[in-house]
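Each chain, written out:
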Amino acid sequence: MNTDITASAKPEYPVIDRNPPFTKVVGNFNTLDYLRFVTISGVSVTVGYLSGIKPGLKGPSMVTGGLIGLMGGFMYAYQNSAGRLMGFFPNDGEVSHYQKHRFNN
Amino acid sequence: MFNLFLAVSPEIFIINATSILLIHGVVFSTSKRYDYPPLVSNVGWLGLLSVSRLGGQRALGCGESIFAHLFWNNLFRRDNFTYFCQILLLLSAAGTISMCFDSFEQERFDAFEFIVLIPLPTRSMLFMISAHDSIAMYLAIEPQSLCFYVIAASKRKSEFSTEAGSKYLILGAFSSGILLFGYDRTTTDICSMIYGSTGATHFDQLAKILTGYEITGARSSGIFMGILFIAVGFLFKITAVPFLYMWAPDIYEGSPTPVTAFLSIAPKISISANISRLSIYGSYGATLQQIFFFCSIASMILGALAAMAQTKVKRPLAHSSIGHVGYIRTGFSCGTIEGIQSLLIGIFIYALMTIDAFAIVSALRQTRVKYIADLGALAKTNPISAITFSITMFSYAGIPPLAGFCSKFYLFFAALGCGAYFLAPVGVVTSVIGCWAAGRFPRVSQFGGPKAVLRAPDTTLFYYIRLAKRMFFDTPRTWILYEPMDRNKSLLLAMTSSFITLFFLYPSPLFSVTHQMALSSYL
């Protein structure tokens, strides 16, 4: 069974890794990815805290919101990072980094 | 290996978020330490956060437009058409959740599970919209339907709610059976349908096999019956006439108001998207077109006529939903790019109008307003709500220059463009037929005889405009003190009413976006 994720349409940008492993994708997080991750987590924690005031569940609600935000933020950042490595998103930074890495090696 | 799930990470997120919310709800609603707190608003806000985050991510685009076009052994497809429908679905789910907070608190309906049961079918509908295989589509329909049965009956102490859930279960089970009958590949003792005749379930394969099969004369009774059953199954699901539409008002009336709003919008989006993809891409032909033309006309006519005798506030909206299914089917029935574009425009505007209408109805229900006669004092005590409601009703009726007129105009324009010269005038006539029919029968029943019709006062108008007449022109029969609307509904109404009122000033973004989406569905 073909479970390959790559699209039938060709990637628009240079492909650095067609099927990057988990560690490589996480290692490829750039500043914007971390910013997205932190923003989504922060907003979720805030919403969780504020929604927990009325029923008297500030702490637990904040934790629940934080969990949802951490998961959502991480998945969003991962999706963008993997997309850049697979060539679906603009990846000038990755191209220059891996070209430099290849020259150094 | 992890990359296998990248394409469905939104669905995975929403499943995980729902599970976290469920655990949170179960643990803390039964917590003695926190004095068994009511958690509807708490879980509601977190659920709204989850759905909105996903919708925002989709809406911002973020370069996902060509990401994983076909994936998971080509079972699912992602393209601009999918993204548009998914964004609309997520916005509808967010609008539904935001209606729940204060209304459930006022009704003392402390069931956080209800909030959890909105993202769950949303996840199924996200899969359904992107399904590119019959089995994937059916496997997505069933969890969606199951959650709908449960939320329709969520008010356990209400007989109406239980009745609504039971009726929906029977209707849904029957339609699922018919749909599966068209695709059946498991039993061997019944006649072959699509799979038996073609050996294919994937839409690409069906497209290759079924293209032009009616023209070349290579007819097969199995294929014909299979297509017929699939179309009927889908039409059952969206309560189109003449397939079990008569239960839809009962279901909508008995369910809690936010549930009614969700049931009016979400399945229409997902099923319309799915059947568009299946039929236009896979198996469109004269047979299917005729079926959909007939159902469109029947839905428009019945939706216009059936609401005239209604006295409750929610039932005319239910009939309106049936009628609007007919209008939206018009766009789909054309089988052209303009038809799909008009379908998307129609669904988008219909979703916003329905959220608007049900937000007001939900606010009114808090003051025990159930009948149209109870609206008499609304214009005097709460004129802003009355004006907003009137604008929404005028938009439903298709009165220019509101958004409803624009959507109907484009739908009928697409119908004329594909040569459906009978369907377009029927649509126009049914848009105004409620005026004549709704005005005639009550006069006859009240004063007796056809001659009396001319002498009888004009006691009724459009069932849409009748609501406005009741609010602004009639003497109130009951003076009800309408409570102020809560902030969430006010914000929701402000956004949707602004769109409905001001859409005509700048409609081109929606038109160009939907044109692009319609083109991508044909590629």
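Residues numbered from 1 in each chain as written. Chains lettered and ligands numbered in written order. Predicted model: local features only at pLDDT ≥ 70, side-chain atom pairs only at ≥ 80, totals over all residues. Heavy atoms only, no water.

## Description of the overall build of chain B
Okay, step 1: Broken down by element type, chain B carries 23 helices and two strands.
Okay, step 2: The buried share of chain B, reckoned over its 523 residues, is 63%.
Okay, step 3: Relative to all contacts within chain B whose residues are 6 or more apart in sequence, the contacts with residues 24 or more apart total 78%.
Okay, step 4: Counting only carbon and sulfur atoms, one obtains 67% of the accessible surface of chain B, whose full area is about 19600 Å². (Helix = DSSP H or I, 4+ residues; strand = E, 2+ residues; numbered from the N terminus. Buried < 20%, exposed > 50% of the residue type's maximum accessible area, 1.4 Å probe, protein only. Contact = heavy atoms within 4.5 Å. Areas by Shrake-Rupley, 256 points an atom, 1.4 Å probe, with all protein chains shown as cover.)

## Some thoughts on the packing of aromatic side chains
Residues and elements named next belong to chain B.
Okay, step 1: The full count for this structure, using the stated rule, is 22 aromatic pairs over all chains.
Okay, step 2: Ring centres 5.4 Å apart and planes at 45° place the aromatic pair Phe76 and Phe127 in the tilted group. Of this pair, Phe76 sits in strand 2 (residues 76-77) while Phe127 is found in helix 5 (residues 119-130), placing the two residues 51 residues apart along the sequence. As far as the burial class goes, Phe76 and Phe127 line up, both buried.
Okay, step 3: Arranged with centres 5.4 Å apart and planes meeting at 85°, the rings of Phe174 and Phe236 form a pair that is edge-to-face. Taken together, the residues span a long stretch of sequence, with Phe174 in helix 7 (residues 159-183) and Phe236 in helix 10 (residues 221-237) at a distance of 62 residues.
Okay, step 4: Among the aromatic residues, those joined into a cluster by ring pairs are Phe84, Phe348, Phe405, Phe409, Tyr410, Phe413, Phe499, Phe503 and Phe511.
Okay, step 5: The ring centre of Phe13 lies 4.3 Å from the NZ or CZ of Arg53, which sits over that ring. (Phe/Tyr/Trp six-rings, centres within 6.5 Å; stacked < 30°, edge-to-face > 60°. Lys NZ or Arg CZ within 6 Å of the ring centre and 35° of its normal.)

## Some remarks on helix 5 of chain B
Okay, step 1: In a regular helix each residue adds 1.5 Å, so 12 residues correspond to 16 Å; helix 5 of chain B covers 17 Å between its end C-alpha atoms and thus fits that length.
Okay, step 2: Turning to helix 5 of chain B, its buried residues number three or more, namely B:Pro119, B:Pro121, B:Thr122, B:Arg123, B:Ser124, B:Met125, B:Leu126, B:Phe127, B:Met128, B:Ile129 and B:Ser130. (Expected span 1.5 Å × (residues − 1).)

## Observations concerning the side chain of B:Thr96
All names here are of chain B.
Okay, step 1: Residue placement: Thr96 occurs in helix 3 (residues 80-106).
Okay, step 2: Thr96 gets classed as buried once you look at its relative accessible area, which sits at 0%.
Okay, step 3: Here Ser92 takes part through its backbone oxygen, which lies 2.8 Å from a polar atom of the side chain of Thr96.
Okay, step 4: Residues in contact with Thr96, not counting those within four places in the same chain, are Ile118, Pro258 and Phe262. (Polar contact = N/O pair within 3.5 Å; in protein donor to acceptor, adjacent residues only side chain to side chain.)

## What about the pattern of salt bridges?
Okay, step 1: Going through the model one piece at a time under the given rule, you end up with 11 salt bridges over all chains.
Okay, step 2: With a shortest N-O distance of 3.0 Å, A:Lys24 and A:Asp17 are connected by a salt bridge.
Okay, step 3: Given the relative accessible area of 24%, A:Lys24 is considered partly exposed.
Okay, step 4: Where B:Arg315 meets B:Asp250, a salt bridge forms, and the shortest distance between an N and an O atom there is 3.0 Å. Here the residue B:Arg315 occupies a position in helix 14 (residues 314-334), and B:Asp250 occupies one in helix 11 (residues 248-254), the gap between them amounting to 65 residues.
Okay, step 5: What you see here is one network of salt bridges that share partners, running through A:Asp33, A:Arg36, A:Arg84 and A:Glu94. (Salt bridge = Lys/Arg side-chain N within 4 Å of Asp/Glu carboxyl O.)

## Remarks on the UniProt feature "domain: NADH-ubiquinone oxidoreductase 21kDa subunit N-terminal" (unreviewed entry) in chain A
Okay, step 1: Under the present numbering, the feature "domain: NADH-ubiquinone oxidoreductase 21kDa subunit N-terminal" (unreviewed entry) in UniProt falls on residues 11-89 of chain A.
Okay, step 2: For residues 11-89 of chain A, the helix share is 71%, the strand share is 0%, and the end-to-end C-alpha distance is 8 Å. (UniProt positions renumbered as here; feature names shortened; annotations may be inferred.)

## A few points about the UniProt feature "transmembrane region" (unreviewed entry) in chain A
Residues and elements named next belong to chain A.
Okay, step 1: Within the UniProt annotation, "transmembrane region" (unreviewed entry) is assigned to residues 34-53 and 59-78.
Okay, step 2: Helix makes up 90% of residues 34-53 and strand 0%, with an end-to-end C-alpha separation of 29 Å.
Okay, step 3: In residues 59-78, the share of helix is 100% and the share of strand is 0%. The end C-alpha atoms are 28 Å apart.

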